[in-house]
Amino acid sequence: MLKFDVITVFPEYLAPLRLSLLGRAIEDGVLGLDVHDLRDFAHDKHQTVDDAPYGGGPGMVMKPEPWGEALDQLLTPESVLIIPTPSGRPFTQAQAQEYSAMPHLVFACGRYEGIDSRVASHYSSKVRVDEVSLGDYVLAGGEVAVLTIVEAVARLVPGVLGNEVSVQDDSFAQGAMENLVEGPVFTRPPVWRELEVPEILTSGDHAKIAAWRHLQAMQKTAINRPDLADS
Ligand code: JCH
């Protein structure tokens, strides 16, 4: 069973993880999820989690001590500690696949200007620590990144999706669709607001349909994702 632990100063931010697909998987015991309030690990009267940055500058930085208390309690040698940050390595589908086979993922959600860097340094000698970025834009904290990463990982865990083949040919899935985004998809009705479904999709010629879909995927990739280039 893949267990997720999330540490945050806004536990309610993670509530959507209990809806829909993931909520069912948690209920069924296919996934585990616990969300922890960082302030519960701060022992001063005001449960302080932030302080001014050494060296000056704007904003506040998260103090290391509450993180140490929380992580000492939650991490085991089998855990991976994932820290969302705009300065992390870009999160990819390949990484989602790797995480989906692991037993325990612990997420540290920063706020303010981030977490004192000694937290990542300290735990790097004990467990795998991945600093990950969702993309080149700045969020207000790690929570939304964790919603994204947990959803991307959880749907790859056998028994979560319910439809095991449909994860195979997703855009970005490694293998099946080599560096292509998915082309357009259609369902009933055959005509909607004068727009017709491409005739080939109703032809019943599965080889032709596959070739057409591949061409559509290549065209959409060239237009929307020239960075995926080559094949
Ligand atoms: C985060 C912030 C200015 C951080 C605090 C914790 C991740 N891909 C991605 N974008 N943004 C994040 C992210 C993750 C965790 C935290 N912030 C806000 C603001 C910073 O440096 C100038 C750093 C943002």
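Just so you know, these numbers come straight off a predicted model, no measurement behind them. (Residues numbered from 1 in each chain as written. Predicted model: local features only at pLDDT ≥ 70, side-chain atom pairs only at ≥ 80, totals over all residues. Heavy atoms only, no water.)

**Remarks on the layout of surface pockets**
Threshold: Using only the protein atoms, space was sampled on a 1 Å grid; points where a 1.4 Å probe fits but cannot get out form cavities, open sets with protein on both sides within 12 Å along at least five of seven lines form pockets, and lining residues are those with an atom within 4 Å of a point. Grid points are joined across faces, edges and corners, and a volume is the space filled by probe spheres set on the points. Strands are runs of DSSP state E lasting at least 2 residues, helices are runs of H or I lasting at least 4, and numbering of each runs from the N terminus. As a working rule, the residues Ala, Val, Leu, Ile, Met, Phe, Trp, Tyr, Cys and Pro are called nonpolar, Asp, Glu, Lys and Arg charged, and the rest polar, with Gly in that last group.
Looking at the largest pocket, its volume works out to about 610 Å³. Pro84, Thr85, Pro86, Glu113 and Gly114 are the residues nearest the centre of the largest pocket, which is lined by 28 residues in total. Breaking the lining of the largest pocket down by element, the ones donating at least two residues are β5 (79-90), α4 (118-124) and β7 (128-133). Per-element accounting of the lining of the largest pocket gives the leading share, five residues, to β5. Broken down by class, the residue content of the lining of the largest pocket amounts to 15 nonpolar, nine polar and four charged.

**Structural notes on helix α5 (residues 143-154)**
Condition: To estimate how far a helix should extend, the number of its residues minus one is multiplied by 1.5 Å. Note on exposure labels: buried denotes an accessible area under 20% of the residue type's maximum, exposed denotes more than 50%, and partly exposed covers the range between, all computed with a 1.4 Å probe on protein chains only.
Relative to the 16 Å expected for twelve residues at 1.5 Å per residue, α5 spans 16 Å between its end C-alpha atoms, a close match to the ideal helical length. Here α5 has its buried residues at Glu143, Ala145, Val146, Leu147, Ile149, Val150, Ala152, Val153 and Ala154.

**Things to note about the nonpolar core**
Worth spelling out the cut-off: Among buried residues, those of type Ala, Val, Leu, Ile, Met, Phe, Trp, Tyr and Cys that are joined through side-chain atoms within 4.5 Å constitute a nonpolar core. We call two residues in contact when some of their heavy atoms are within 4.5 Å.
With 30 residues, the main nonpolar core has Phe4, Leu31, Tyr99, Leu105, Phe107 and Val153 as its most contacted residues. Elements with a minimum of two residues in this core: β1 (2-8), α1 (20-27), β2 (31-37), β5, α3 (93-100), β6 (104-108) and α5. Tallying contributions element by element places α5 first for this core, with seven residues. Those residues in contact with Val153 that sit more than four places away from it in its chain are Leu2, Phe4, Phe91, Ala96, Tyr99, Ser100 and Leu105. Listed in part, the 22 residues of the second largest apolar core include Val49, Leu81, Ala108 and Ala120.

**Re the side chain of His104**
Relative to the elements of secondary structure, His104 occurs in strand β6. Classification of His104 by relative accessible area gives buried; the value is 10%. Sequence-distant contacts of His104, that is, excluding residues within four places in its chain, are made with Leu2, Lys3, Asp5, Leu74, Thr76, Glu78, Ser79 and Val80.

**Observations regarding the site of the ligand**
Quick note on the threshold: Working definition: residue near molecule or strand if any one of its non-hydrogen atoms lies within 4 Å of it. Pairing of N or O atoms within 3.5 Å defines a polar contact, subject to two protein rules: one partner must be a possible hydrogen donor and the other a possible acceptor, and residues neighboring in sequence count only if both atoms are side-chain atoms. Accessible surface is estimated by sampling points in the Shrake-Rupley manner with a 1.4 Å probe; for residues, cover comes only from the protein chains shown. Just a note on the criterion: a molecule sits in a pocket or cavity if more than half of its atoms are within 2 Å of the grid points.
Around the ligand, 17 residues are found, and the nearest of them are Pro84, Ser133, Leu134, Tyr137 and Leu139. At 2.7 Å, a backbone N or O of Tyr137 approaches a nitrogen atom of the ligand. Contacts to the ligand include Leu139, whose backbone N or O atom sits 2.9 Å from a nitrogen atom. Burial of the ligand by the surrounding chains reaches 80%, relative to a free accessible area of 530 Å². Put simply, the ligand lies in the largest pocket. The element contributing the most residues to the shell around the ligand is β5, with three residues. Grouping the amino acids of the shell around the ligand by side-chain chemistry returns eight nonpolar, seven polar and two charged.

**Digging into the environment of Glu12**
When you line up the elements, Glu12 lands in the loop between β1 and α1. Here Glu12 falls in the exposed class, since its relative accessible area comes to 56%. Linking Glu12 and Val35, residues 23 residues apart in sequence, is a C-alpha distance of 8.8 Å.

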